[in-house]
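An overview of the molecular structure
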Amino acid sequence: MSSRKKNILKVIILGDSGVGKTSLMHRYVSDKFSQQYKATIGADFLTKEVTMDGDKVATMQVWDTAGQERFQSLGVAFYRGADCCVLVYDVTNAKSFENIKSWRDEFLVHANVSSPDSFPFVILGNKLDVEESKKVVSNRAAQDMAKSLGNIPLFLTSAKGSINVDTAFEEIARNALQQSQADADAFEDDFNDAINIQLDGEPSSCNC
Amino acid sequence: MVSDRYSVLVNDHEFLGESVLDEKSVLYFREDERLTLKSQNISSAMVQDSLDGLVALGKSKDGFVKHALRRPVWLKILKSRLSIDANNVSESEKGLSEFVTHKDEHQVSLDVKRSFGDIKDDVAKSFLRQALEQTITKVLRRFPQLNYYQGYHDVVAVFVLVFMHTHKADEEAELSDSTSGTPSTDGSDYHETLSSSSISTKLADDSVLFIDSDQLFESVMIFTLLYLRDFMMSSLAFTIDQLVLIPLIVKDKDPRFYRTFQLNEIDPFFALSSVLTLFSHDLRPQSNESLSIVFQIFDLVISSNSMMVPLTVYSNLLLAKKDDLLTRLKDNLDNFENDTDLIHGVIQQEMIVGSSVQLWNEVLETTRIANSSSFPNAKKTVNKYSVLLTASHVPTTIDQALSWLAKETRLNEMRSSLESVNNKAKTPSPAISRWRLIARSAGPNLIKMSLFIGVAAILMKLYLRSLEGHQVYPQIALKSYLDQLKSLKFSGLNQSRRIWLDPLKNLLKNIGRPSRS
């Protein structure tokens, strides 16, 4: 078993095709927006160093995925070890909003996470910059759904207009860090139990 | 070459490559002469109607050199592989199918909207997008059994760029979009005839873009049916079967690298976008670069009639970048959550982005020399009707191609339903999913293995029984064992008809006893 020496926060972005997953990732990681992003095939990732609560440093690894359904079978390979899952819909696309729940379920089925009930998700309603008349998902409906799925944090964002993206990813990073620590603690508990049996309760010297 | 500074000036003669003159003019002239000569050879092979000549030229350095040549040559070679009987689809049928929308058209339009992003001229961009969407939609409506995949649009976009040509309104002669900058000096240049199916658009400077949409459609249709079927099933299973060949090719050539780079350990999903799009996703082809690698890869696939080409190119690229990959692997050991992420990440960072044109040319040269049209292991890994195996039955007919497609579709459905049964039975643990993947990638082998185990069990049982009778003298036991084996071939003859109740038990009932002789 390889122990992680660096603090890696693995974040997966899921959602229907064309909702802006790639744009959100690029806006967050390099603060850029381009009309030239092509459809994602398989999975791509970018990394960004993050500092939380003033002193905690970690590397956030954002994995961007393909939106077309046929690529979901690859999920098993890409979701493994995720610390947070970002579910994205497009505020001008009702179908993409309705599919949020199935993206979450799909993630839980394939990611093989230790405790599905407490695994952190964050929902992003993207393309907030478009004119009001084109928006079909109301804030109310979005809040209701986020609540019904277990009080998932919800952010309305615009990768193009750079609205709320940093705030959302700060929350994502916090959630991911928490999850990553919880996993590490659980692992350490198991590990310590094993040691306790052998060494008859000798206190662990590792306080890292 | 991948860089941000592309300025695609489809409305300008400048893109013919004159800028190259300033810097490396000596090299340029030598290369120019070579390309001119090759263009002449291709043209005369066209005029002489020499398919073998064309195929040989396509397989050699620089491929078919320029789009003006690619258009007629690709079409000619593809049509020689798959004959389209115009009467095959009746007019009424054709007309009907064109109005029935395909289930994936929404996805197509989403992906088309994000295509040709590098083209600066808005009129040209929307013209290209329109041609792209029309072509894909027409193929899907004609063959509704095909499933569209993200990446198919990248492949078709390459054809759109090749079949597009520019034409100055005040010029009589057609503008050649070669890189050579010396259009029409080669006297034997093959001249295209424009059919009535041309679509065109006028740009701000009065130059006109043309695409012969019938020729474009025909080429894309044949290419799809011959080479992309595996990717257009309802699931990715047959695509993954192809990907699995990459580690095997690498293993053949460099077992040590194969092990150090853990290619035996992880799923080769890292190659997915490259293989699905024949590198057109990652290499972002430019209309003004006829010699860019991606067009040459298509030249090679078409002339060698083999979808082993992308797999071999990918493997050769891995091997060419071996040292860089291993260095980056070492540097990043702590930076990833698990080995799959590590390998995927290292390859993503190193392979496509970090590969120079020179390296790409070397990789293509290696691929050309090795004549990679077949790989013995392919038979064990892919399905019987895979594009990797049916290519040897070319030239063929559209009916035959459609029958392969139907058979593949059925096999794929069978596999999908098998998997969903497995999935229902148990939520996959990583170990099980890995096993399933192995099973998927080595289907026929697995059947062979279970047969082997079955036969071994019978033999073992016989052997144990013969031991029972002759515990003291093992040699005798062995002899009686052999006797029993001999009697095995007559067993079953005297069996009751209800052998199916427990065939094995019945089979062993008599012959398993110590020999009575």
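Residues numbered from 1 in each chain as written. Chains lettered and ligands numbered in written order. Predicted model: local features only at pLDDT ≥ 70, side-chain atom pairs only at ≥ 80, totals over all residues.

**Notes on the overall build of chain B**
Rules: Elements are defined by DSSP. Helices are runs of H or I of four residues or more, strands are runs of E of two residues or more, and each kind is numbered from the N terminus. Our exposure labels follow a C-beta count within 10 Å of each residue's own C-beta, placed from the backbone: buried means 20 or more other C-beta atoms, exposed means 12 or fewer, and partly exposed covers the counts in between. C-beta atoms are placed from the backbone for every residue, and two residues are taken to be in contact when these atoms lie within 7 Å.
Scanning chain B from N- to C-terminus turns up 26 helices and five strands. Classification of the 517 residues of chain B by burial places 39% in the buried group. Pairs at least 24 apart in sequence give 74% of the contacts found in chain B among residues at least 6 apart.

**Overview of the overall build of chain A**
Across its full length, chain A holds six helices and six strands. Starting at the N terminus and walking to the C terminus, you meet the elements of chain A as β-α-β-β-α-β-α-α-β-α-β-α. Here chain A holds 208 residues, and the buried ones make up 44% of them. Counting only contacts in chain A whose residues sit at least 6 apart along the sequence, the fraction spanning at least 24 positions is 75%.

**What about the packing of helix 15 (residues 293-304) of chain B against helix 19 (residues 357-369) of chain B?**
Residue and element names in this part refer to chain B. As a reminder of what qualifies: Under this scheme, a helix contributes an axis fitted over its contacting stretch, all axes are lines through C-alpha atoms, and angles between N-to-C directions fall in the 0 to 180 degree range. Each angle receives one of four descriptions, namely roughly parallel if under 35 degrees, roughly antiparallel if over 145, roughly perpendicular if within 65 to 115, and oblique otherwise. Side-chain classes follow a simple rule in which Ala, Val, Leu, Ile, Met, Phe, Trp, Tyr, Cys and Pro form the nonpolar group, Asp, Glu, Lys and Arg form the charged group, and the remainder, Gly included, forms the polar group.
At a minimum axis separation of 11 Å, helix 15 and helix 19 run at an interaxial angle of 5°. On the basis of their axis angle, the class for helix 15 and helix 19 is roughly parallel. Contacts from Ile293, Gln296 and Leu300 in helix 15 reach Trp360, Leu364, Thr367 and Arg368 in helix 19. For the contact of helix 15 with helix 19, the class distribution of residues is four nonpolar, two polar and one charged.

**Some details on helix 5 (residues 139-148) of chain A**
When you tally the buried positions in helix 5 of chain A, you get one out of ten residues, a small fraction of the element. Gly150(A) sits one or two residues past helix 5 of chain A and shows a positive phi near 105°.

**Topic: the pairing of strand 3 (residues 198-202) of chain B**
All names here are of chain B. In plain terms, the rule: Pairs of strands are assigned from DSSP output, requiring at least two bridges between the strands.
The sheet contact formed by strand 3 and strand 4 (residues 207-212) spans five bridges and is antiparallel. Of the residues in strand 4, the one forming a bridge with Thr201 is Leu209. Taking the residues that link successive antiparallel strands as the turn, the strand 3-strand 4 hairpin has four residues, and the phi of Asp206 there is positive, at about 75°.

**Description of the pairing of strand 2 (residues 43-52) of chain A**
Residues and elements named next belong to chain A. The pairing of strand 2 with strand 3 (residues 56-65) spans ten bridges and is classified as antiparallel. Across the sheet, Phe45 pairs through a bridge with Trp63, a residue of strand 3. Where strand 2 hands over to strand 3, the hairpin turn is made up of three residues, of which Asp53 adopts a positive phi near 50°.

**Section: the interface of chain B and chain A**
The partner chain A presents 27 residues to the 29 residues of chain B that form the contact. Counting residues per element, the ones that place at least two in the side of chain B that touches chain A are helix 6 (105-113), helix 13 (272-276), helix 18 (339-350) and helix 23 (430-441) of chain B. The residue inventory of the side of chain B that touches chain A, partitioned by class, reads nine nonpolar, 14 polar and six charged.

**Focus: the sheet that holds strand 1 (residues 8-15) of chain A**
Residues and elements named next belong to chain A. The six strands are arranged 2-3-1-4-5-6 in an open sheet whose pairing can be described as mixed. Where the open sheet ends on each side, the last strands, each with one partner, are strand 2 and strand 6 (154-156). Along the sheet, successive strands turn relative to each other by an average axial angle of 25°, direction set aside. As judged from the six bridges shared by strand 1 and strand 3, these two strands associate in the parallel manner. Counterpart to Ile8 in the pairing with strand 3 is Thr59. Along the sheet, helix 1 (residues 21-30) contacts strand 1, strand 2, strand 3, strand 4 (84-90) and strand 5 (121-126); its crossing angle with strand 3, the most-contacted strand, is approximately 155°.

**Looking at the environment of Leu318(B)**
With respect to the helices and strands, Leu318(B) occurs in helix 16 (residues 308-320). Judged by C-beta crowding, with 27 C-beta atoms within 10 Å, Leu318(B) ranks as buried.

**What about the environment of Ala406(B)?**
Residues and elements named next belong to chain B. Position of Ala406 among the secondary structure elements: in helix 22 (residues 398-425). Looking at Ala406, the number of C-beta atoms within 10 Å reads 12, which means it is exposed. Remark: the alpha-carbon pair of Ala406 and Met233, spanning 173 residues in sequence, is separated by 9.9 Å.

**Here's the deal with the packing of helix 17 (residues 322-331) of chain B against helix 18 of chain B**
Residues and elements named next belong to chain B. The condition that has to hold: Left-handed describes a crossing whose near helix is turned anticlockwise from the far helix through less than a right angle; right-handed describes the clockwise counterpart.
Between helix 17 and helix 18, the shortest axis-to-axis distance is 10 Å and the interhelical angle comes to 130°. Comparing their axes, helix 18 and helix 17 come out oblique. Of the two elements, helix 17 crosses helix 18, and the hand of that crossing is right-handed. Residues Asp324, Leu325, Arg328 and Leu329 of helix 17 pack against Val346, Gln349 and Glu350 of helix 18. When grouped by side-chain class, the residues that make up the contact of helix 17 with helix 18 number three nonpolar, one polar and three charged.

**Comments concerning the confidence of the model for chain A**
Note the threshold: pLDDT expresses how confident the predictor is about each individual residue, on a scale running from 0 to 100.
Residue-level pLDDT values for chain A average 88, and 88% of them are 70 or greater. Segment residues 197-208 of chain A: pLDDT under 50, and three contacts once partners within four positions in sequence are set aside and those in other chains are kept.

**What about unusual backbone geometry?**
Cis geometry is adopted by the peptide bond preceding Pro395(B), which originates at Val394(B) and carries an omega value of 5°. Along the polypeptide, Pro395(B) turns up in the loop between helix 21 (387-390) and strand 5 (396-397). If you check the backbone angles, Asp53(A) has positive phi at about 50° while not being a glycine. At Asp206(B), a residue that is not glycine, the phi angle is positive and equals roughly 75°. Counting through the fold element by element, Asp206(B) comes out in the loop between strand 3 and strand 4.

**Thoughts on the sheet that holds strand 3 of chain B**
All names here are of chain B. Ordered in space as 2-4-3, the three strands form an open sheet in which the pairing is antiparallel. Edge positions in the open sheet fall to strand 2 (164-168) and strand 3, since each of these has one partner strand only. Going from strand to strand, the sheet's axes swing by 25° on average, the running direction of each strand aside. Two strands pair when backbone bridges link them, and strand 2 and strand 4 are joined in this way by five bridges, in the antiparallel orientation. When the sheet's bridge partners are listed, Lys168 is paired in strand 4 with Ser207.

**Re the confidence of the model for chain B**
Residue and element names in this part refer to chain B. Taken over all residues, the pLDDT of chain B has a mean of 79, while the share at 70 or more is 68%. Across residues 428-434, where pLDDT falls below 50, the model places six contacts with residues more than four positions away in sequence or in other chains. The model gives residues 487-507 a pLDDT under 50, and that stretch makes nine contacts with residues more than four places away or in other chains.

**Some thoughts on the environment of Pro255(B)**
Residues and elements named next belong to chain B. Its place among the elements puts Pro255 in helix 12 (residues 255-260). Classification of Pro255 as exposed rests on a count of 12 C-beta atoms within 10 Å. Along the chain, Pro255 and Leu146 lie 109 residues apart, while their C-alpha atoms are 38 Å from each other.

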